[in-house]
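# Topology and contacts: notes
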Amino acid sequence: KVLLENYPPLVDICAKYGFDNDEIVFLLNNFKLEPFRLNEVKINNNLFVNDSKSTNIVTTIFAVKNYPYAIVILGGDDKHLNYEEFIDGFNKYGIKEVICFGGLKEKLFSILNPHFKCLKFNILDDVFTYLKANITESDVILFSPGSSSFDLYKDYKARGYHFDKLLEQFFGK
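First, a word on scope: everything that follows refers to the structure included in this document. (Residues numbered from 1 in each chain as written. Predicted model: local features only at pLDDT ≥ 70, side-chain atom pairs only at ≥ 80, totals over all residues. Heavy atoms only, no water.)

Our next topic: the environment of Leu81. Inspection of the secondary structure puts Leu81 in the loop between strand E3 (70–75) and helix H4 (85–93). By relative accessible area, Leu81 is classed as partly exposed at 29%. In this structure the C-alpha to C-alpha distance between Leu81 and Gly146, which are 65 residues apart in sequence, comes to 9.6 Å. The contacts of Leu81, once residues within four sequence positions are left out, are Asn56, Ile57 and Gly146. (Helix = DSSP H or I, 4+ residues; strand = E, 2+ residues; numbered from the N terminus. Buried < 20%, exposed > 50% of the residue type's maximum accessible area, 1.4 Å probe, protein only. Contact = heavy atoms within 4.5 Å.)

Below is the structure:
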């Protein structure tokens, strides 16, 4: 689903370098995203997307484009970016609500709360406690932090593993 818009350029590039249709289909069918880049897990009727590798505004807005009307989880260490850029991107593609956590929670909340339904939590564990009690059938939960992980984690991989661990703990992945 996520990469469909990217297939035409990939097909064109492969064809340019002499790949035949069978080879192109094989490549597309076996393409794997790197860990913590838009990794999807379907549990019951909910889709959870772990995009912990998203450490900037552009990658988070790209994720929202691919998962419109999601519950978006943002947070991390303040990289002093222009977080107001989230407003236009989220308005353009649509979101259900924003959950802010970690070191950026206050700053993100103050920027986004006037425009969207926003909540804030200290740590990801508290976010999952909220999600367990409040998500509805068919909700998409998009963990695309939009900033570095150094406020609470060693790196984006540790943050991504923690998200997966909490997903299993709270929803039985």
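Further remarks concern unusual backbone geometry. Positioned with a positive phi, Leu38 is a non-glycine residue whose angle comes to about 55°. Structurally, the position occupied by Leu38 is in the loop between helix H2 (21–29) and strand E1 (39–43). Since its relative accessible area comes to 5%, Leu38 is described here as buried. The backbone of Tyr69 sits at a positive phi, close to 65°, despite the residue not being glycine.

Enumeration over the complete set of coordinates arrives at five salt bridges. Put simply, Lys117 and Glu97 hold a salt bridge, and the shortest N to O gap is 3.5 Å. Of this pair, Lys117 sits in the loop between helix H5 (105–112) and strand E5 (118–121) while Glu97 sits in strand E4 (residues 95–101), and the two are 20 residues apart along the sequence. The class for Glu97 is buried, based on a relative accessible area of 4%. As a salt-bridge pair, Lys120 and Glu106 come within 2.8 Å of each other at their nearest N and O atoms. Within this pair, whereas Lys120 is found in strand E5, its partner Glu106 is found in helix H5, the two being separated by 14 residues in sequence. What makes Glu106 partly exposed here is its relative accessible area of 43%. (Salt bridge = Lys/Arg side-chain N within 4 Å of Asp/Glu carboxyl O.)

Bringing the packing of H4 against H5 into the picture now. At a minimum axis separation of 9 Å, H4 and H5 run at an interaxial angle of 60°. By the angle between their axes, H4 is oblique relative to H5. For the pair H4 and H5, the crossing hand works out as right-handed. When H4 is examined against H5, the residues Phe86, Ile87 and Phe90 are found in contact with a partner set consisting of Leu108, Ile111 and Leu112. (Axes fitted to C-alpha atoms, helices over the stretch in contact; angles between N-to-C directions. Parallel < 35°, antiparallel > 145°, perpendicular 65-115°, else oblique. Left-handed = near helix turned anticlockwise from the far one by under 90°.)

The subject of this paragraph is helix H7 (residues 156–171). An ideal rise of 1.5 Å per residue puts 22 Å on 16 residues; H7 measures up with 22 Å between its terminal C-alpha atoms. All buried positions along H7 are accounted for by Arg159, Gly160, His162, Phe163, Asp164, Leu166, Leu167, Phe170 and Phe171. Buried-residue contacts for H7 involve E1, strand E2 (46–50), E3, E4, helix H6 (124–134) and strand E6 (140–143). Among the residues of H7, the N-terminal cap falls to Asp155, whose side-chain oxygen and the backbone nitrogen of Lys157 are separated by 3.1 Å. Within two residues after H7, Gly172 carries a phi angle of roughly 65°, on the positive side. (Expected span 1.5 Å × (residues − 1). Polar contact = N/O pair within 3.5 Å; in protein donor to acceptor, adjacent residues only side chain to side chain.)

Core analysis: the biggest nonpolar cluster contains 27 residues, and Phe86, Phe90, Val98 and Leu112 have the highest contact counts within it. When contributions to this core are tallied by element, the ones reaching two or more residues are E2, helix H3 (57–66), E3, H4, E4, H5 and E6. Setting aside its immediate chain neighbours within four residues, Val98 contacts Val72, Leu74, Phe90, Leu112, Phe116, Lys117, Cys118 and Leu119. Membership of the second largest hydrophobic core comes to 22 residues, among which are Val127, Tyr130, Phe143 and Phe171. (Core = buried A, V, L, I, M, F, W, Y, C linked by side-chain atoms within 4.5 Å.)

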